[in-house]
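Residues per chain, in single letters:
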Amino acid sequence: MASTLPSRRRFLALSALTALSAPLAAACGADDSDGEPAADGKVTFAWWNIATTEPGKSLFPRIASAYMAAHPDITIETTSLENEAFKSKLTATTASGKLPDVFQTWGGGVLRQQVDAGLVEDLTDALGWSSELTPVSLQAYQVEGRTYAVPYDIGMVGFWYNKKLFAEAGITAPPVTWAEFLDVVRKLKAAGVTPIALAGKEKWPGHYYWAYLAMRVAGLPALQRAATTGDFTGPGFVRAGTHLKELVDLQPFQTAFLGAGYGSPGGQAATMGNGKAAMELMGQWAPSVQQDAGAGLGADLGFFPFPTVDGGAGRATEVFGGGNGFALRKGAPKEALDFLRFFVLDNQSKLLASGGYLPVVKGAERRLTDATKKVVADSLVKATGFQLFLDQAYPPAVGQEVNDSVADLIAGKKTPEQVTRSITEAAKGA
């Protein structure tokens, strides 16, 4: 694909390398970090990603190998970690003040802390090809107008559902309101179908429910105010928990869901992909992981947005989600940014064709052929509001408390009021 790129893009890429060369090369020579150029001109840099499931598990190494084949003096040392393991390792590495050269990021409050600590490279002036990218895909990686990461995927969370199981339960259309959604759950249970697959062990999938309900009940402005004030005890947040408890009380999840992982054998994605549950609330990557962990549903897979809540301040066109991106540590070699340009621009078609990612390059959405991916892309285009994953939008301690407290609510260990108080305590102390 590289040979067909417009000459303007190549010029911008070379300009970006030139602009980045001086500050990064100087920083690289200042310590013994990975990525320091050797005396013979060879460069090695570390790349941490979360591609432990398909399609990334196979695609990412191929992209790295293609780049190294075209640049014999560059070696990319790849570390692929499962989502939670990555977060734990990166947190420990951040505390030590030494990040890998290139690392996965979801932006938001976590990235901001790394930026404030002086650990992340400011790419604003070096990213001459940022005009090639969609503004929404860059949003989560910008701090006070400066850009600190390169996106390679953007999307939203919604309900993926099994059309066949819906039909067998007599459900003719996806629910639009929360009351209708609860009724769908009841109908599925009455038909002997497990309504929802959930990875209770990993916590982050569960926080999607509380976050979306908070958006639908309290509204996006309330979430934004809470991020500033640190106060999550308002009635809208309590009511979000109350609605989630309504769902939990229906016992909608698969057997032993509290010990289930997400992409692991027998976990959430496998349960959904093998047709053993009717729904899962998950991001744009869900179909590919369902197929990787299970059999996949093919034409039986559908998608619908998170329902609205009667009397709530939020709207169906306000979406919750985020993307995937890569940041560079302060002082990473200039070749690392060139690799990201290659990864995103030269391989956008491969990323889209893999079925696991949604476009970040302007106009690339026209290449989508999968019907469900088009629905997600269209929802993003029509979105009137966007909220980043709460465990990324807020500082790490707050995001972790959201995950922990919501998991406790789902497990019956906390009340809706206790959830809001715990998150508020974490926010006040952050």
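Numbers given to residues run from 1 along each chain, matching the order in which its sequence is written. Two thresholds apply to this predicted model, a pLDDT of at least 70 for residue-level local features and 80 or more for giving and counting side-chain atom pairs, whereas whole-chain, interface and lining totals are computed over all residues. Here the side-chain values reflect all heavy atoms present in the structure, with hydrogen atoms and water set aside.

### Considering helix H15 (residues 371-382)
The terminal C-alpha atoms of H15, which comprises twelve residues, lie 17 Å apart, in line with the 16 Å expected from a rise of 1.5 Å per residue. Within H15, burial applies to Thr 372, Lys 373, Val 376, Ala 377, Ser 379 and Leu 380. In an axial view of H15, the angular spread of the buried residues amounts to 155 degrees, which keeps them on one side of the axis. Along H15, the residues that are exposed and aim more than 90 degrees away from the buried face are Ala 371, Val 381 and Lys 382. Contact criterion: two residues are considered in contact whenever any of their non-hydrogen atoms come within 4.5 Å of each other. Starting at the N terminus, helices and strands are each numbered in turn, a helix being any DSSP run of H or I of at least four residues and a strand any DSSP run of E of at least two. Each element contacted by the buried residues of H15 is listed here: strand E6 (150-156), strand E7 (158-162), helix H12 (286-293), strand E9 (301-304), strand E10 (318-328) and strand E11 (385-388). A helix's residues, less one, multiplied by 1.5 Å, set its expected span. A simple rule labels every residue: compare its accessible area, found with a 1.4 Å probe on the protein chains alone, to the largest value its type can have, and call it buried under 20%, exposed over 50%, or partly exposed in between. Starting at the helix axis, one direction is taken to each C-beta atom, and the arc is that of these directions.

### Regarding the pattern of salt bridges
Whenever a carboxyl oxygen of Asp or Glu lies within 4 Å of a side-chain nitrogen of Lys or Arg, that contact is scored as a salt bridge. Scanning the entire structure with this criterion turns up 14 salt bridges. Taking the shortest distance from any N to any O, the salt bridge between Arg 341 and Asp 346 comes out at 3.1 Å. Arg 341 sits in the buried class, given a relative accessible area of 9%. Where salt bridges share partners, they join Glu 84, Lys 87 and Asp 391 into one cluster.

### Quick word on the nonpolar core
Here, nonpolar core means buried Ala, Val, Leu, Ile, Met, Phe, Trp, Tyr and Cys residues that are tied together by side-chain atoms lying within 4.5 Å of each other. Ranked by size, the top nonpolar core spans 134 residues in total, and within it Phe 60, Phe 181, Trp 210, Leu 244, Leu 247, Met 279 and Phe 343 carry the most contacts. Here this core gets ten residues from one element, more than from any other, and that element is helix H8 (residues 204-217). Once residues lying within four places of it in the same chain are set aside, the contact partners of Leu 247 are Trp 178, Phe 181, Leu 182, Val 185, Ile 196, Tyr 209, Pro 252 and Phe 253.

### Digging into the side chain of Thr 420
Here Thr 420 shows up in helix H18 (residues 416-429). Residue Thr 420 is classed as buried on the basis of its relative accessible area, which comes to 1%. With residues up to four places along the chain from it excluded, the contact list for Thr 420 reads Trp 210, Phe 232, Thr 233, Phe 237 and Val 238.

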